[in-house]
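Observations on the three-dimensional arrangement
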Number of protein chains: 2
Amino acid sequence: MIGRLNHVAIAVSDIDAATAIYRDTLGADVSSREEQPDHGVSTVFINLPNTKIELLEPLGDDSPIAKFLEKNPSGGIHHVCYEVDDILAARDKLVADGARVLGDGEPKIGAHGKPVLFLHPKDFLGTLTELEEA
Amino acid sequence: MIGRLNHVAIAVSDIDAATAIYRDTLGADVSSREEQPDHGVSTVFINLPNTKIELLEPLGDDSPIAKFLEKNPSGGIHHVCYEVDDILAARDKLVADGARVLGDGEPKIGAHGKPVLFLHPKDFLGTLTELEEA
């Protein structure tokens, strides 16, 4: 069912400093910074040859990554995102298998403009897992 | 400098149960289980079209992932691994930039039979970062 690893997301408190580490120290290709007020984050993409790393900084007062950064002030890996062909079919299969989908169970339009769902980390090896319809 | 994302490693306490989640619930292609006594882990690879997920279970009394699992009993993402062309040149560049390499700073032969180094998570956004000479 799952296809490509779309991205690995790393939450950080200072996205400009984090971008400099990837650009200057690790020598990677980085995108410009984008504010995504609908998702409560600013994003920068690290473009690797086969996938991307998504840097996330909280934006606004109710950011979904604020609590994670309170617990992990140095930053850390926040989630992984796998591509699926059909997100509703994927969701129905997962729910039938007893896995928990976060929120109301309906796909939302994610930061890349495509339908996404998040799966409960306790059902997926302590790993917050996003599915994105590719 | 960094190239492909070689793998994302997820540490788990029960690799057979973890493999079943990726194979049966997420419908991914999984390898057979391998014991790697030199590295203190058992491994299973989840083969995605563009990269792989490496499941790690502690093996033996002195596993390098034992402490992580004490802190994260449900499991969790342990590290990311990027490919580099020349691991000694990469190390020298990183050290010159002030980044810390774990251990004695010399590459070791990793679980895939290739030279690897681990970088200090506090220098890389709270993320344990492995470099592997591709």
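Up top is the structure these notes are about.
Because the structure is predicted, anything quoted here is derived from the model rather than measured. (Residues numbered from 1 in each chain as written. Chains lettered and ligands numbered in written order. Predicted model: local features only at pLDDT ≥ 70, side-chain atom pairs only at ≥ 80, totals over all residues. Heavy atoms only, no water.)

1. A short note on the overall build of chain A
As a reminder of what qualifies: Numbering of helices and strands runs from the N terminus, with a helix taken as a DSSP run of H or I at least four residues long and a strand as a DSSP run of E at least two residues long. Radius of gyration here is computed from C-alpha atoms only, and the compact-globule reference equals 2.2 Å multiplied by the residue count raised to the power 0.38. Working definition: with a 1.4 Å probe on protein chains only, accessible area under 20% of the residue-type maximum means buried, over 50% means exposed, and in between means partly exposed. Whether two residues touch is decided by their heavy atoms; if any such pair falls within 4.5 Å, the residues are in contact. Each accessible area value is a Shrake-Rupley result obtained with a 1.4 Å probe; residue values ignore everything except the protein chains displayed when judging cover. Charge assignment in this entry is limited to Lys and Arg as positive and Asp and Glu as negative, and neither His nor the chain termini are counted. For charged residues, the charge sits on one atom: NZ in Lys, CZ in Arg, CG in Asp, CD in Glu.
Within chain A, the regular secondary structure consists of three helices and nine strands. Starting at the N terminus and walking to the C terminus, you meet the elements of chain A as β-α-β-β-β-β-α-β-α-β-β-β. Computed over its C-alpha atoms, the radius of gyration of chain A comes to 15 Å, within 12% of the 14 Å expected for a compact globule of 134 residues. Burial status across chain A gives 50% buried among its 134 residues. Counting contacts in chain A only where the partners sit at least 6 residues apart, residues at least 24 apart contribute 52% of the total. Summed over all atoms, the accessible surface of chain A reaches about 6000 Å², with 49% contributed by carbon and sulfur. Side-chain charges of chain A comprise 12 positive and 23 negative groups, with the mean position of each set lying 5 Å from the other.

2. What to know about the relation of the copies chain A and chain B
Our working definition: Residues reaching a pLDDT of at least 70 in both copies supply the C-alpha atoms on which the copies are superposed by least squares.
Rotating chain A by 180° and moving it 0.0 Å along the rotation axis overlays it on chain B with an RMSD of 0.0 Å. The transformation just described matches what one would write down for a two-fold rotation axis. Closest to the rotation axis within chain A is the C-alpha of N50 of chain A, separated from it by 2.9 Å. When the interface residues of chain A are mapped onto chain B, 100% of them are again interface residues, pointing to one common binding face.

3. What about the pattern of salt bridges?
Note the following rule: Each salt bridge in this description consists of a side-chain nitrogen of Lys or Arg and a carboxyl oxygen of Asp or Glu lying within 4 Å of one another.
A complete count under the given rule lists 18 salt bridges over all chains for this structure. As a salt-bridge pair, R4 of chain B and E83 of chain B come within 2.9 Å of each other at their nearest N and O atoms. Pair noted here: R4 of chain B is in the segment before strand 1 (5–11) and E83 of chain B is in strand 6 (residues 76–84), with a separation of 79 residues, a long-range link. Take E83 of chain B: its relative accessible area is 13%, and that puts it in the buried class. D97 of chain B is the partner of K93 of chain B in a salt bridge, and the nearest nitrogen-oxygen pair spans 2.6 Å. Accessibility expressed as a relative area gives 30% for K93 of chain B, which makes it partly exposed. For D97 of chain B, a relative accessible area of 42% corresponds to the partly exposed category. Bridged by salt links that share partners, the residues D16, R33 and E57 of chain A form one connected network.

4. Notes on the environment of G3 of chain A
Counting through the fold element by element, G3 of chain A comes out in the segment before strand 1 (5–11). A sequence separation of 106 residues divides G3 of chain A from I109 of chain A, and the C-alpha atoms of the two residues are 19 Å apart. Setting aside chain neighbours within four positions, we find G3 of chain A in contact with E83 of chain A together with L48 and P49 of chain B.

Don't take any of this as a statement about function, it's just geometry.
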